[in-house]
Amino acid sequence: MDFSFLHKTTSILILALISFLFLLFQSSNASIHTYDNNPFRDVGNSALLPGGSEGLAASLDGSRSFIRFENVTFWRTKAAADEHSEMEHSTGLVQVVIFEAADRNNIGGSAYGGQRSICCTPDLAKLEGCKQGEVIRMPSATDINWPIVLNVQFSGNYLSTKMDNVDVPITKTGMYNLFFIACDPKLKGLVMSGKTIWKNPNGYLPGRMAPLMNFYVYMSLAYVVLSVIWFIQYVRYWKDILQLQHCITAVITLGLFEMILWFSEYANFNNTGIRPVVITTWVVTVGAVRKSLTRLLILCVSMGYGVVRPTLGGLTSKVLLLGATYFLASELLDITEFVGTISDISGRARLFLVLPVAFLDAFLILWIFTSLSKTLEQLQAKRSSIKLDIYRKFSNALAVTVIASVIWIAYEV
């Protein structure tokens, strides 16, 4: 197998990881949605800034589940402000739009079957009766008060305007989206600061993440049971322990540690609404080490290490290089997906970072089964029936695991 690509891949991943961590630690570590002079971008005939997307559970009275706006301030350019006099009342409109995923088509419209517009145009004003220069909103079929549209007006020639601190109660369980939209072309260059607090009845965890807290409790208990069973066998056969079994112990310990850390991180996030960058980085690093070590362990067993051959010989450096490359790729992917992430929809960056991990997994699977085939041939030639039977069971279990993994990957895609 040609390993020259691994050297190049490792170098690229190291540079990417260093750059990403530098940018990450320069940013805020608050997990409540914060905006620090975030710019609006042009989308169709509007200027738009996504404010977040989370699953929220209903609260009957709306007091325990809500989206809260705090110190939200909009800043326009000096050129835009200078077009108005100090005495003018409404000199620029910014609209805050909140809608449930099922009502996404209730925002915007199209004239004569043309391109869909977010803001009301003269043609749409005639056809649908919307107000020109504002967001097109059609009432939800289940609640005429939704989608929610809040208006924030600039006054006179002021550079900024501040939104009132308000709570929007959530009385229906669903996936909610928040957008800040400006239809006035004169507001080009608009930026925003402030924060929004999204709260579920039982805490700050977004809807997609909330069930994972209990999942990590069950996984921690499962790892505790596995650790006790393994430790008993470990002590019982202490004199016959192989080097590989020390590695298995390390993997189980890392797995238990990882599950406890994930639960602690989610519990802290749920109670405070804050997701510190440093803590989450430690959690994903432990997970990346565990995943890398697990794959290398399976590869070494497939090569017959400790059973057919006492050492890996010249393959040691290649195995370690593959492990280091996988760790970097996995670390970069997990940092992008989890560190500082609070919205329930993953960013586009994950789509690109998942490719190196998928490629390395495919390469590992190919190498594992190639090595396993050679090991089985060696055991058949030596007529080691007991070891051969163990390795056949191992290969069958591995095949089932790979098939299950492929099905899961296909489901995720």
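Remember, it's a predicted structure, so these values are computed and weren't measured experimentally.

Colleague: Please clarify how helix α4 (residues 210-236) should be interpreted in this entry.
Modeller: Given 3.6 residues per turn, any residue in an α-helix points the same way as the ones three and four places further on. Between its first and last C-alpha atoms α4 spans 40 Å; for 27 residues at 1.5 Å apiece the expected length is 39 Å, and the two agree. Within α4, the full set of buried residues consists of Met213, Tyr216, Ser220, Tyr223 and Tyr234. On the buried face of α4, the contacting elements are α5 (243-272).

Colleague: When you look at the sheet that holds strand β5 (residues 92-100) in this model, what are you seeing that I'm missing?
Modeller: Adjacent strands of a sheet form backbone hydrogen bonds with each other and so pair up, either parallel or antiparallel. The strand order across the open sheet built from 5 strands is β2-β3-β9-β5-β6, with neighbouring strands paired in antiparallel fashion. Both edges of this open sheet fall to β2 (41-43) and β6 (148-154), since each of them pairs with a single strand only. Between one strand and the next, the sheet's axes are offset by a mean angle of 35°, whatever the strand orientation. Note that strand β3 (residues 46-56) and strand β9 (residues 174-182) share 9 bridges and pair antiparallel. Residue pairing in the sheet places Gly52 in a bridge with Leu178 of β9.

Colleague: Can you walk me through the nonpolar core in this structure?
Modeller: It is characteristic of soluble globular proteins that their nonpolar side chains tend to be buried jointly. Ranked by internal contacts, the top residues of the largest apolar core, which has 28 residues, are Leu299, Met303, Val319, Leu322 and Trp367. Contributing elements (two or more residues each) for this core: α5, α6 (277-302), α7 (316-338), α8 (349-382) and α9 (385-412). Of all the elements, α8 adds the most residues to this core, at 10 residues. By size, the runner-up hydrophobic cluster in this structure holds 27 residues, among which are Phe40, Phe154, Leu178 and Trp198.

Colleague: Just checking my understanding: could you explain the side chain of Ser292 for this structure?
Modeller: Secondary-structure assignment places Ser292 in helix α6. A relative accessible area of 7% places Ser292 in the buried class. Not counting residues within four places of it along the chain, the set of residues in contact with Ser292 comprises Gly323, Tyr326 and Phe327.

Colleague: Help me understand the pairing of strand β10 (residues 191-199) in this model?
Modeller: Sheet faces and side chains relate simply in a regular strand, where the side chains alternate between the two faces. Summarising burial for β10: 7 of the 9 residues are buried, a large majority. Two elements, strand β1 (residues 33-39) and β10, share 5 bridges in a ladder whose sense is antiparallel. Directly across from His33, in β10, lies its bridge partner Thr196. In this sheet, β10 lies alongside strand β4 (residues 66-75) in antiparallel orientation, the contact comprising 8 bridges. If you follow Phe69 over to β10, its bridge partner there is Thr196.

Colleague: Could you clarify how one ought to interpret the packing of aromatic side chains in this entry?
Modeller: Applying the stated rule across the entire model yields 14 aromatic pairs. Ring geometry for Phe99 versus Phe179: centroids 5.9 Å apart, planes at 10°, classification stacked. Residue Phe99 is located in strand β5, and its partner Phe179 is located in strand β9; the two are separated by 80 residues in the primary sequence. One aromatic cluster is present, formed by Tyr35, Phe40, Phe69, Phe74 and Phe180 through successive ring pairs.

Colleague: Would you take a moment to explain the state of the cysteines for this structure?
Modeller: What is meant by a disulfide is a covalent connection between two cysteines, made through their sulfur atoms. By the definition in use, this model includes 2 disulfides. The residue that forms a disulfide with Cys119 is Cys183, at a sulfur-sulfur distance of 2.0 Å. Sign of the S-S torsion, about -85° for the bond between Cys119 and Cys183, identifies this disulfide as left-handed. Of this pair, Cys119 sits in the loop between β5 and α3 (122-128) while Cys183 sits in the loop between β9 and β10, placing them 64 residues apart in sequence. Comparing Cys119 with Cys183 shows no difference in burial state: the two are buried. A sulfur-sulfur separation of 1.9 Å characterises the disulfide bridge that pairs Cys120 with Cys130. Here the S-S torsion is close to 70°, and the disulfide linking Cys120 with Cys130 is therefore right-handed. Of this pair, Cys120 sits in the loop between β5 and α3 while Cys130 is found in the loop between α3 and β6, placing the two residues 10 residues apart along the sequence. An identical accessibility class is assigned to Cys120 and Cys130; each is buried. Counting only the cysteines that take part in disulfides, in the order they occur along the protein, gives the pairing 1-4, 2-3. Cysteine Cys247 is unpaired, with the sulfur of Cys300 as its nearest cysteine sulfur at 7.4 Å.

Colleague: How should α6 be read in this particular structure?
Modeller: Taking 1.5 Å of rise per residue, the 26 residues of α6 would be expected to cover 38 Å, and the 38 Å separating its terminal C-alpha atoms lies within 8% of that figure. One or two steps after α6, the chain reaches Gly304, where phi turns positive at roughly 85°.

Colleague: Whenever I open this one, the environment of Tyr305 confuses me. Can you help?
Modeller: Relative to the elements of secondary structure, Tyr305 occurs in the loop between α6 and α7. In this structure the C-alpha to C-alpha distance between Tyr305 and Leu244, which are 61 residues apart in sequence, comes to 8.1 Å. Excluding anything up to four places from it in sequence, Tyr305 contacts Gln243, Leu244, Cys300, Pro310, Thr311 and Leu312.

Colleague: In this structure, what is going on with the confidence of the model for the protein? I would like to understand it.
Modeller: Any segment with low pLDDT has predicted coordinates that should not be analysed in fine detail. Chain-level pLDDT for the protein is 82 on average; 87% of the residues reach the 70-or-more range. Confidence, read as mean pLDDT per element, is least for helix α1 (residues 4-26) in the protein (45) and greatest for β6 (94). Ignoring residues within four places in sequence, the model shows residues 5-10, a span with pLDDT below 50, making 11 contacts including any to other chains. Here residues 12-31 is a poorly scored stretch, pLDDT under 50, and it has 32 contacts once near neighbours within four places are set aside; other chains count.

Colleague: Even after reading the chapter, I still don't get the packing of α5 against α6, so can you show me in this structure?
Modeller: It is at 9 Å that the axes of α5 and α6 come closest, and there the two elements cross at 155°. Overall, the two elements α5 and α6 adopt an arrangement that is roughly antiparallel. Judged by the twist between their axes, the crossing of α5 over α6 is left-handed. The residue makeup of the contact of α5 with α6, split by class, is 18 nonpolar, 4 polar and 3 charged.

Calculation criteria
Residues numbered from 1 in each chain as written. Predicted model: local features only at pLDDT ≥ 70, side-chain atom pairs only at ≥ 80, totals over all residues. Heavy atoms only, no water. Helix = DSSP H or I, 4+ residues; strand = E, 2+ residues; numbered from the N terminus. Expected span 1.5 Å × (residues − 1). Buried < 20%, exposed > 50% of the residue type's maximum accessible area, 1.4 Å probe, protein only. Contact = heavy atoms within 4.5 Å. Pairing = 2+ DSSP bridges. Axes fitted to C-alpha atoms, helices over the stretch in contact; angles between N-to-C directions. Core = buried A, V, L, I, M, F, W, Y, C linked by side-chain atoms within 4.5 Å. Phe/Tyr/Trp six-rings, centres within 6.5 Å; stacked < 30°, edge-to-face > 60°. Disulfide = S-S within 2.5 Å. pLDDT = per-residue confidence, 0-100. Parallel < 35°, antiparallel > 145°, perpendicular 65-115°, else oblique. Left-handed = near helix turned anticlockwise from the far one by under 90°. Nonpolar A, V, L, I, M, F, W, Y, C, P; charged D, E, K, R; others polar.

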